[in-house]
Amino acid sequence: MTHAGVLVVGYGSFLRSDDGIGWHAAGLLAADPRLAGTRVLARHQLVPELAADVSRASLVVLVDAAAEGDPGSLSVRRVQPRPPTPATWSHHLDPETLAGLAEALYGLVPPIVLVSVAAGSLAEGDRLSGALERALPQVVEVVADVVTGHHRA
Amino acid sequence: MTREIVIEPVTRIEGHAKITIQLDDDGQVADAHFHVTQFRGFERICQGRPVHELPSLMARICGICPVSHLIASAKACDEILAVEPPPTAVDLRRIMNLAQVVQSHALSFFHLSSPDLLFGFDADAGGRHLFGVLGANPQLARDGVGLRRFGQQVIESLGGKRIHPAWVVPGGVDAPLAAETRDEILAALPEARAATERALAWYKTAVQRFAEEAARFGDFPSAFMGLVGPDGTVEHYDGTLRVVGADGAVLAERPDPRPYWEYLGEAVEPWSYLKSAYWKDLGYPGGVYRVGPLARLNVADRLGTPLADAELEEFRGRLGRTPSSSFHYHHARLIEILHCLERLGGVLADPEVLSTRVRSVAGINREEGIGVAEAPRGTLLHHYRVDGDGIVQWANLVIATGHNNLAMNRSVAQVARHYVKADRLTEPMLNRVEAVIRCYDPCLSCSTHAIGQMPLHLQLLAPDGSVLDERRR
């Protein structure tokens, strides 16, 4: 069950409207021919068990909802590893701590890119708000650009 | 004047709870209680829903052991449909249940309890967590993360999701096992076994430091309950319910464990949402028994797989045929992980596991069904009544943590009587009171069907109820 290459992880709560953007994006990215050979996962949250997958990848792209910003607006940033702290609870990690855990456990952490999409609604429901429905194709394009750019490099 | 200590919330367990310790006029511990303070009430939520929804609905009780609820619920639905799942479906359900035990035990041992065992109960609480383990013993941390990942990946590869997979359905499972998936699981087994053996070797050395805790952490005579197969080996999916006494003698065997009301009572106390199950023959509250990994080792003649049986022999050689201290749940948990990994290899080696006959289909043929299986934390019962259209009218769930409730309360009192000596709380005192609860790995989300993690609140109360001291974290 080991995989090398690019890893894409869409995460959040699928049952909290726009918080499920990572799941919606992961569904489209898994079927996107430009990402052939890429491992695409959908997760409720980032947990310590992902550290092994992260450390084995050549590139990791995370897709998540953001609580702040204009609904549907995207931000893309590199994630820098942060050493795990005593306050970290093992059920849930932020991207920096996941990167730090991968580095601490396995000595390897690849480039990690976080694609955040500002949420418009976090109400109960399994459908995206209009703003994020419209932003979803752009999310897919951004992730595909990051992945294909990595392959070209 | 009596006084009381309250610990709320309790940390590093699954759910919300508090502990109160009552002091007498002399400042000695008179009694202690483990209170479960959360409530969701799935028995009511499911009323009015179609029976076919129940496995997936009931799995939402818990994010740690949803597979256990899937299995017990599906078995109850099998009875309502009056169907026998095809043998391959039973094997596939068994595989998922074994993987669930592996990942859940790994969470309990490595993430929640290994910090105490690595650093000691007197160590600074700031370092007693998984990431502290990572700094002090990276291999132990890697093995813990790896074993939990292994179990969850098996669940995901079968059910499509690692949490709340909807793959177990009334009558069987939703899809057959692909050869590629089987091969991936088999390829990952050797490393999982090696990780477990490393942890066992480490534990057997580390535990020597904790002779005093092992003698105080719930060390009392009680009955033990769990499922066994026809040959007396441990069983997690189906089998005879066996109860043994403190001396290991068989008190009862129920080849059909479903009519649980004949042998189990469920008491309700005003101070907790968690019901207290008791063995009816012994009455309440005397009918205390324990379930879960230690109980399964104590009720079984043997485990039935070679590596785990060798460990069991050593375990019994060190601790006796029926170890009575709940501290040994930790050791039992590791042995059971090893057994589950061996058992997974055995089930997957059978070519029939790839059969595509995995579901029996039927309508509503009975108006009542009961499912019994072993969850990571112990015996789990789901009991449903439906109308002629299969609409749920009533449900009752008897959960592992409820079986252990009386034992947990007795354990808290025992630890408090030994370690709590004054009207001020100290960190080592508080940690030991929590740690004895952690031995049972209670899942309060399951036992009250509630959500959340479990922080700790401890209060020390005077006889008049006034708070003498209080800690929260």
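None of the values given here were measured: they were computed from a predicted structure. (Residues numbered from 1 in each chain as written. Chains lettered and ligands numbered in written order. Predicted model: local features only at pLDDT ≥ 70, side-chain atom pairs only at ≥ 80, totals over all residues. Heavy atoms only, no water.)

**Considerations on the overall build of chain B**
If you tally the helices and strands in chain B, you get 15 helices and 16 strands. Its C-alpha atoms give chain B a radius of gyration of 22 Å, within 12% of the compact-globule value 23 Å for 473 residues. Taking the principal axes of its C-alpha atoms as reference, chain B extends roughly 65 × 50 × 40 Å. Looking at chain B residue by residue over its 473 residues, the buried ones come to 65%. Expressed as a percentage of contacts within chain B between residues at least 6 apart in sequence, the contacts between residues at least 24 apart total 71%. A gap of 2 Å separates the mean positions of the 49 positive and 58 negative side-chain charges of chain B. (Helix = DSSP H or I, 4+ residues; strand = E, 2+ residues; numbered from the N terminus. Rg over C-alpha atoms; globule rule 2.2 N^0.38 Å. Buried < 20%, exposed > 50% of the residue type's maximum accessible area, 1.4 Å probe, protein only. Contact = heavy atoms within 4.5 Å. Lys, Arg positive; Asp, Glu negative; His and termini not counted. Charge placed at Lys NZ, Arg CZ, Asp CG, Glu CD.)

**Structural notes on the pairing of strand β13 (residues 378-386) of chain B**
Residues and elements named next belong to chain B. Of all nine residues in β13, eight are buried; the element is thus mostly enclosed. Of the strand pairs in this sheet, strand β12 (residues 368-375) and β13 are connected by eight bridges, and their pairing is antiparallel. Residue pairing across strands places E368 opposite R385, the latter belonging to β13. In this structure, the hairpin formed by β12 and β13 is closed by a connection of two residues. Of the strand pairs in this sheet, β13 and strand β14 (residues 392-398) are connected by six bridges, and their pairing is antiparallel. What sits directly across from L381, in β14, is V398. As consecutive antiparallel partners, β13 and β14 are separated by five residues, and within that stretch G390 has a phi angle of approximately 80°, a positive value. (Pairing = 2+ DSSP bridges.)

**A short note on unusual backbone geometry**
Residue B:P285 follows B:Y284 across a cis peptide bond; omega there is 5°. By the element assignment, B:P285 lies in the loop between β10 (276-279) and β11 (289-290). Unlike most non-glycine residues, A:S17 shows phi in positive territory, near 45°. Turning to its location among the elements, A:S17 is positioned in the loop between β1 (6-11) and α1 (21-30).

**Focus on the interface of chain B and chain A**
At the interface, 28 residues of chain B touch 22 residues of chain A. When chain B packs against chain A, the two sides together hide about 2200 Å² of surface, and 63% of this comes from carbon and sulfur. When the area that chain B buries against chain A is broken down by residue, the three leading residues are B:F131, B:V145 and B:R149, summing to 30%. Counting every contact that joins chain B to chain A gives three salt bridges. Inspection of the region where chain B meets chain A yields four residue pairs in polar contact (both at pLDDT 80 or more). Going through the elements one at a time, α4 (87-119), α5 (130-136), α6 (138-159) and α7 (179-206) of chain B are the ones with two or more residues in the side of chain B that touches chain A. Per-class residue counts for the side of chain B that touches chain A are 13 nonpolar, six polar and nine charged. (Buried area = accessible area lost by both parts, 1.4 Å probe. Salt bridge = Lys/Arg side-chain N within 4 Å of Asp/Glu carboxyl O. Polar contact = N/O pair within 3.5 Å; in protein donor to acceptor, adjacent residues only side chain to side chain. Nonpolar A, V, L, I, M, F, W, Y, C, P; charged D, E, K, R; others polar.)

**So, the packing of helix α10 (residues 306-319) of chain B against helix α11 (residues 329-349) of chain B**
Residues and elements named next belong to chain B. At a minimum axis distance of 8 Å, the contact between α10 and α11 shows a crossing angle of 160°. Taken together, α10 and α11 sit at an angle that is classed as roughly antiparallel. At the point where α10 passes α11, the crossing takes the left-handed sense. Listed contacts from α11 to P306, L307, A308, E311, L312 and F315 of α10 are H331, A332, I335, L338, H339 and E342. Its residues assigned to classes, the contact of α10 with α11 comprises eight nonpolar, two polar and two charged. (Axes fitted to C-alpha atoms, helices over the stretch in contact; angles between N-to-C directions. Parallel < 35°, antiparallel > 145°, perpendicular 65-115°, else oblique. Left-handed = near helix turned anticlockwise from the far one by under 90°.)

**Things to note about the state of the cysteines**
Taken as a whole, this structure holds zero disulfides over all chains when the rule is applied. B:C65 provides the cysteine sulfur closest to B:C340, a residue in no disulfide bond, and the two sulfurs are 14 Å apart. (Disulfide = S-S within 2.5 Å.)

**Structural notes on the nonpolar core**
Residues and elements named next belong to chain B. I21, I95, L147, F150, F217, F327 and L341 are the most contacted members of the largest nonpolar core, which has 131 residues in total. Top contributing element to this core by residue count: α4, with 14 residues. Those residues within four positions of L147 in sequence are excluded, and the remaining contacts are V102, Q103, A106, F110, A192, A195, T196, I337 and L341. With 26 residues, the next largest nonpolar core counts V51, I61, L380 and I399 among its residues. (Core = buried A, V, L, I, M, F, W, Y, C linked by side-chain atoms within 4.5 Å.)

**Considerations on the environment of B:G172**
All names here are of chain B. Secondary-structure assignment places G172 in strand β5 (residues 172-173). Residue classification places G172 among the buried residues on the basis of a relative accessible area of 0%. The spatial distance from the C-alpha of G172 to the C-alpha of S104 is 23 Å, given a sequence separation of 68 residues.

**Some details on the sheet that holds β14(B)**
Residues and elements named next belong to chain B. Spatially, three strands are ordered β12-β13-β14 in an open sheet, and the strand pairing comes out antiparallel. Each of the sheet's edge strands pairs with one partner strand only, and the pair in question is β12 and β14. Geometrically, the sheet is characterised by an average inter-axis angle of 15° between neighbouring strands, direction not taken into account. Against the sheet, helix α3 (residues 66-81) touches β12 and β13, its axis set at about 150° to β12.

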